[in-house]
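A closer look at the structure
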Amino acid sequence: MDHARTPTTRDGIRLHAPGDFDGMRRAGEAAARILDDIGEHVFPGQSTATIDRIITDMVNHRGLTSATIGYRGYRHASCISVNHVVCHGIPGDKSLRDGDILNIDVTVILDGWFGDTSRMYVAGNLSRKAERLIAVTHESLMRGIEAARPGNTFGDIGHAIQSFVEGQRMSVVRDFCGHGLGRTFHAPPNVLHYGRSGTGPVLEEGMFFTIEPMVNLGRPETKVLADDWTAVTRDKSLSAQYEHSIGITADGCEIFTPSPAGRFYTF
Ligand code: MF3
Ligand code: CO
Ligand code: CO
């Protein structure tokens, strides 16, 4: 048996080789660049179907493959989740209105590696309460990423996110989580955005996964609509999400999906 080629896992989580980081870096950058470039196409009157078509064209013209088209019957290159839609919003013909906030989530495949990232956008003018929700959601993701280093546990990541969000009197969605990825879209473990410090698997160099907290202004409960995809807040409160793909390094983590244009927010 060739041990160098034997997949290495810990707690069922794949430990990638140092040479695998470059593939993720390139896939992540391609996904993040699409999020940079789509910003100018978000405005009142625009439909989310048109935004998705522009994303599809970017994917195709850049020699990428969409990971979501054909995934479990999903038919679009992005998920676009507006206002009280928590995640997995299906692009459609309805026009955006002034003040709508939306998450755009793109996953692309480049040379077999998956880059998965999402950010918040606004159509027109941003209300104060939406601005605060978006800022808290982004900050919660970055606090989760700061907890992502060897020796810490997945529970430390969840705790960092949950304690910050609840301290701001907002709530963390429990019904959806981050995930391992790499040469596959969704792999172990489930990356929970809530939890207790010191619980769960220990992080090790070479683990690749997403952190993608969904934060609600109201209660955390969600429901999935009859289309079997669209997840909404049960209380119809506003919801926001940010997502990065990261890899655990010897002394911390590398974010594979930073904005090439240097944007945190896309507005
Ligand atoms: N990109 C999403 C995630 O963060 C998954 C979308 S699956 C789809 O995991 F089929 F809805 F596109
Ligand atoms: Co994801
Ligand atoms: Co995603």
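Residues numbered from 1 in each chain as written. Chains lettered and ligands numbered in written order. Predicted model: local features only at pLDDT ≥ 70, side-chain atom pairs only at ≥ 80, totals over all residues. Heavy atoms only, no water.

1. Concerning the packing of helix H3 (residues 128-146) against helix H4 (residues 154-167)
Stated precisely, the cut-off is as follows: Axis lines are fitted through C-alpha atoms, for helices just across the contact stretch, and the angle between N-to-C directions can take any value from 0 to 180 degrees. Runs of H or I in DSSP of at least four residues are treated as helices and runs of E of at least two as strands, each being numbered from the N terminus. Each angle receives one of four descriptions, namely roughly parallel if under 35 degrees, roughly antiparallel if over 145, roughly perpendicular if within 65 to 115, and oblique otherwise. The crossing is said to be left-handed when, going from far helix to near helix, the turn is anticlockwise and less than a right angle, and right-handed when the turn is clockwise. Only heavy atoms enter the contact rule, under which two residues are in contact if any of them lie within 4.5 Å. Throughout this entry, Asp, Glu, Lys and Arg are counted as charged residues, while Ala, Val, Leu, Ile, Met, Phe, Trp, Tyr, Cys and Pro are counted as nonpolar. The remaining residues, Gly among them, count as polar.
Between H3 and H4, whose axes approach to 8 Å, the crossing angle comes to 150°. Taken together, the axes of H3 and H4 lie roughly antiparallel to each other. Considering how the two elements wind past one another, H3 and H4 form a crossing that is right-handed. Along the contact surface, H3 presents Val136, Glu139, Ser140, Arg143 and Gly144, while H4 presents Ile157, Ala160, Ile161, Phe164 and Val165. In terms of residue class, the contact of H3 with H4 is built from six nonpolar, two polar and two charged.

2. As for the coordination of the cobalt ion (ligand 3)
So the rule is basically this: Each metal's donors are the N, O and S atoms found within 2.8 Å of it, except that Na, K and Ca use a 3.2 Å limit; water is left out, so coordination can look incomplete. Note on geometry labels: four donors, all angles 85 to 135 degrees, give tetrahedral; four donors become square planar and six octahedral when opposite donors are over 155 degrees apart and every other angle is between 65 and 115; remaining cases are irregular. Relative accessibility decides the category of a residue: with a 1.4 Å probe and only protein chains considered, values under 20% of the type maximum give buried, values over 50% give exposed, and everything between is partly exposed.
Bound to the cobalt ion (ligand 3) on the protein side are Asp105 (OD), Asp105 (OD), Asp116 (OD) and Glu243 (OE), at distances that span 2.0 to 2.3 Å. Here the cobalt ion (ligand 3) is ringed by six donor atoms whose angles at the metal span 58 to 168°, and the overall shape comes out irregular. Along the chain, the residues donating to the cobalt ion (ligand 3) are arranged with the sequence spacing D-x10-D-x126-E. In this structure the cobalt ion (ligand 2) is found 3.3 Å away from the cobalt ion (ligand 3), and Asp116 serves as a bridging donor for the pair. Taken together, the residues Asp105 in strand E6 (residues 101-110) and Asp116 in strand E7 (residues 113-122) connect sequence positions 11 residues apart. Neither residue differs from the other here; Asp105 and Asp116 are each classed as buried.

3. A short note on the pattern of salt bridges
For clarity, the threshold we go by: By convention in these notes, a salt bridge is any Lys or Arg side-chain nitrogen within 4 Å of a carboxyl oxygen on Asp or Glu.
Taken as a whole and assessed by the stated rule, the structure comprises 11 salt bridges. It is possible to trace a salt-bridge network through shared partners that takes in Asp22, Arg25 and Glu254.

4. Looking at the coordination of the cobalt ion (ligand 2)
Protein ligation of the cobalt ion (ligand 2) involves Asp116 (OD), His179 (NE2), Glu212 (OE) and Glu243 (OE), the donor distances falling in the range 2.0 to 2.2 Å. If you look at the cobalt ion (ligand 2), its six donor atoms make angles of 51 to 161° with each other, and the shape they trace is irregular. The class of Glu212 is buried, set by a relative accessible area of 7%.

5. Focus on the pairing of strand E16 (residues 244-248)
For clarity, the threshold we go by: By the convention used here, strands pair only if DSSP detects at least 2 bridges between them.
In terms of residue burial, E16 counts as a mostly covered element, since five of its five residues are buried. Alternating residues of E16 divide into His244, Ile246 and Ile248 and Ser245 and Gly247, and every residue in both groups is buried. In this sheet, E16 lies alongside strand E11 (residues 208-211) in antiparallel orientation, the contact comprising four bridges. Residue pairing in the sheet places Phe209 in a bridge with Ile246 of E16. Relative to strand E17 (residues 253-255), E16 runs antiparallel, the two sharing three bridges. Within the sheet, the bridge partner assigned to Ile248 lies in E17 and is Cys253. Linking two consecutive strands that pair antiparallel, namely E16 and E17, is a turn of four residues.

6. A word on helix H2 (residues 48-61)
For clarity, the cut-off: One less than the number of residues in a helix, times 1.5 Å, gives the span that helix is expected to have. What the arc describes is the spread of directions from the helix axis to the C-beta atoms.
With 14 residues, H2 extends 20 Å between its outermost C-alpha atoms, agreeing within 8% with the 20 Å of an ideal straight helix rising 1.5 Å per residue. Along H2, the positions that sit buried rather than exposed are Thr48, Ile51, Asp52, Ile54, Ile55, Met58 and Val59. In an axial view of H2, the angular spread of the buried residues amounts to 160°, which keeps them on one side of the axis. Buried residues belonging to H2 abut helix H1 (20-38), strand E3 (65-66), strand E4 (78-82) and E6.

7. Comments concerning H3
For H3, spanning 19 residues, the distance from its first C-alpha to its last is 27 Å, which sits close to the expected 27 Å at 1.5 Å a residue. Of the positions making up H3, those classed as buried are Ala130, Leu133, Ile134, Val136, Thr137, His138, Ser140, Leu141, Met142, Gly144 and Ile145.

8. A closer look at the site of ligand 1
To keep things clear, this is the line we draw: Distances are taken per atom, and a residue is near a molecule or strand as soon as one of its heavy atoms is within 4 Å of it. Under the rule applied, a polar contact is a pair of N or O atoms within 3.5 Å (in protein, one hydrogen donor and one hydrogen acceptor; residues adjacent in sequence only if both atoms are side-chain atoms). Areas reported here follow the Shrake-Rupley algorithm with a probe of radius 1.4 Å; residue values treat only the protein chains shown as occluding.
Near ligand 1 you find 14 residues, and of these Asp105, His179, His186, Glu212 and Glu243 are the closest. Separating a nitrogen atom of ligand 1 from a side-chain N or O atom of Asp105 is a distance of 3.1 Å. A distance of 3.2 Å is found between an oxygen atom of ligand 1 and a side-chain nitrogen or oxygen belonging to Asp116. The fraction of the free accessible surface of ligand 1 (340 Å²) that becomes covered by protein chains is 97%. Grouping the constituent residues of the shell around ligand 1 by class yields five nonpolar, five polar and four charged.

Honestly, that's just the spatial picture; any functional story needs more than this.
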